Amino acid sequence: AASLSRLAKGEDYQTKPSAADQARLLRLLAALRTDALARPGSDRDALFWAQVLESVSSCAQMIWAIENAQLKPEDNNSRDRQMARNLVWLANVWYPDRKIIVWAASSHIARDVAQLTSIGGSAPYGSGWTVHMGGEAYTTLGTQMYALGFTAGYAEFGWNGVLPSIVPQVGAGSLGAPFL
């Protein structure tokens, strides 16, 4: 229970449970998910909790894999893979035959981003973060989905409990420059 509580509070970035406690929590989540999936397919509560339990397990494994509380670009891969599974699940199971809107960061909903380069020529998505929710979900949903991207000219962003980072001012020649 303590491991799940710390995970829910976001405390496991700094302190991780022991390997034995991690394994115990993952076994519990898997058992609960198996129980939920064993229920009739018409049991929407069970379907919902099965997906939530898969997401919690995926999140725990991602968080526990982060070293020294420093998120690296490749740490996003498992997160985006699970986000894509959740989107496909929402489209095919929870809301079949309905239109849905997903609000997420453009970097997550995008697909085929490896070829994108900054004005300076660097490839921001070519350094380890290779899996994006949009690209992963597109392999299943195809043209049933599309993404609208957003850009910011100047802002702050960050995680709860971490000092914010600055999005720099839009530069001449950038995608956002015509909108100033």
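Here, every reference points to the structure presented above.
What counts, and where the lines are drawn
- Residues numbered from 1 in each chain as written.
- Predicted model: local features only at pLDDT ≥ 70, side-chain atom pairs only at ≥ 80, totals over all residues.
- Heavy atoms only, no water.
- Axes fitted to C-alpha atoms, helices over the stretch in contact; angles between N-to-C directions.
- Helix = DSSP H or I, 4+ residues; strand = E, 2+ residues; numbered from the N terminus.
- Parallel < 35°, antiparallel > 145°, perpendicular 65-115°, else oblique.
- Left-handed = near helix turned anticlockwise from the far one by under 90°.
- Contact = heavy atoms within 4.5 Å.
- Nonpolar A, V, L, I, M, F, W, Y, C, P; charged D, E, K, R; others polar.
- 1 Å grid on protein atoms, 1.4 Å probe; cavity = no way out; pocket = protein on both sides within 12 Å on 5 of 7 lines; lining within 4 Å.
- Points joined across faces, edges and corners; volume = space filled by probe spheres on them.
- Core = buried A, V, L, I, M, F, W, Y, C linked by side-chain atoms within 4.5 Å.
- Buried < 20%, exposed > 50% of the residue type's maximum accessible area, 1.4 Å probe, protein only.
- Salt bridge = Lys/Arg side-chain N within 4 Å of Asp/Glu carboxyl O.
- Patch = residues over 30% accessible without salt bridge, like charges linked within 9 Å, V, L, I, M, F, W, Y side chains within 5 Å.
- Areas by Shrake-Rupley, 256 points an atom, 1.4 Å probe, with all protein chains shown as cover.
- Expected span 1.5 Å × (residues − 1).
- Polar contact = N/O pair within 3.5 Å; in protein donor to acceptor, adjacent residues only side chain to side chain.
- Arc of directions from axis to C-beta.

### Considering the packing of helix α2 (residues 19–37) against helix α3 (residues 44–65)
Then, number 1: The geometry of α2 relative to α3 is characterised by a closest axis approach of 8 Å and an angle of 160 degrees between their N-to-C directions. Judged on the interaxial angle alone, α3 and α2 are roughly antiparallel. For the pair α2 and α3, the sense of crossing is left-handed. Note on element contacts: α3 touches α2 through A46, A50, L53, E54, V56, S57, Q61 and W64, opposite Q22, L25, L26, L29, L32, R33, A36 and L37.
Then, number 2: Looking at the contact of α2 with α3 residue by residue, the class counts come to eleven nonpolar, three polar and two charged.

### Quick notes on the layout of surface pockets
Then, number 1: Roughly 700 Å³ of volume is contained in the second largest pocket.
Then, number 2: Taken together, 20 residues make up the lining of the second largest pocket; nearest its centre are I100, I101, V102, M145 and Y146.
Then, number 3: Residue contributions to the lining of the second largest pocket peak at three residues, all from helix α6 (residues 133–141).
Then, number 4: Its residues assigned to classes, the lining of the second largest pocket comprises 15 nonpolar, two polar and three charged.

### A look at the nonpolar core
Note that soluble globular proteins tend to have their nonpolar side chains buried in a common cluster.
Then, number 1: Ranked by size, the top nonpolar core spans ten residues in total: M83, A84, L87, V88, A91, I109, M133, A137, L141 and M145.
Then, number 2: Ranked by residues supplied to this core, first place goes to helix α4 (residues 76–94) with five residues.
Then, number 3: When residues no more than four places from it in sequence are discounted, the contact partners of M145 are G134, A137 and Y138.
Then, number 4: By size, the runner-up hydrophobic cluster in this structure holds nine residues, among which are L25, L53, M62 and I63.

### Considerations on the pattern of salt bridges
Then, number 1: Enumeration according to the criterion identifies five salt bridges in this entry.
Then, number 2: One salt bridge connects D35 with R39, and the closest N-O pair in it is separated by 3.0 Å.
Then, number 3: We classify D35 as partly exposed; its relative accessible area is 39%.
Then, number 4: Among the ionic pairs, R85 bridges to E54, the shortest N-O distance being 2.9 Å. Of this pair, R85 sits in helix α4 while E54 sits in helix α3, placing them 31 residues apart in sequence.
Then, number 5: By relative accessible area, R85 is classed as partly exposed at 36%.
Then, number 6: With relative accessibility at 17%, the residue E54 sits in the buried group.
Then, number 7: The structure contains a network of salt bridges with shared partners spanning R33, E54 and R85.

### Some thoughts on a nonpolar patch on the surface
Then, number 1: Where nonpolar side chains cluster on the molecular surface, the patch consists of W103, Y146, L148 and F150 and spans about 660 Å² of accessible area.
Then, number 2: With respect to the helices and strands, the residue L148 is situated in the loop between α6 and β1 (155–157).

### A word on α3
Then, number 1: If you check α3, its first and last C-alpha atoms are 32 Å apart, about what 22 residues at 1.5 Å a residue would give, namely 32 Å.
Then, number 2: All buried positions along α3 are accounted for by A46, A50, Q51, L53, E54, S55, S57, S58, A60, M62, I63 and W64.
Then, number 3: Capping the start of α3, D43 holds a side-chain oxygen 3.2 Å from the backbone nitrogen of D45, two or three residues further along.

### Looking at α6
Then, number 1: Considered for burial, the residues of α6 that qualify are M133, G134, A137 and L141. End-on, the buried residues of α6 take up no more than an arc of 85 degrees, which puts them together on one face.
Then, number 2: One or two residues past the end of α6 sits G142, with phi positive at roughly 55 degrees.

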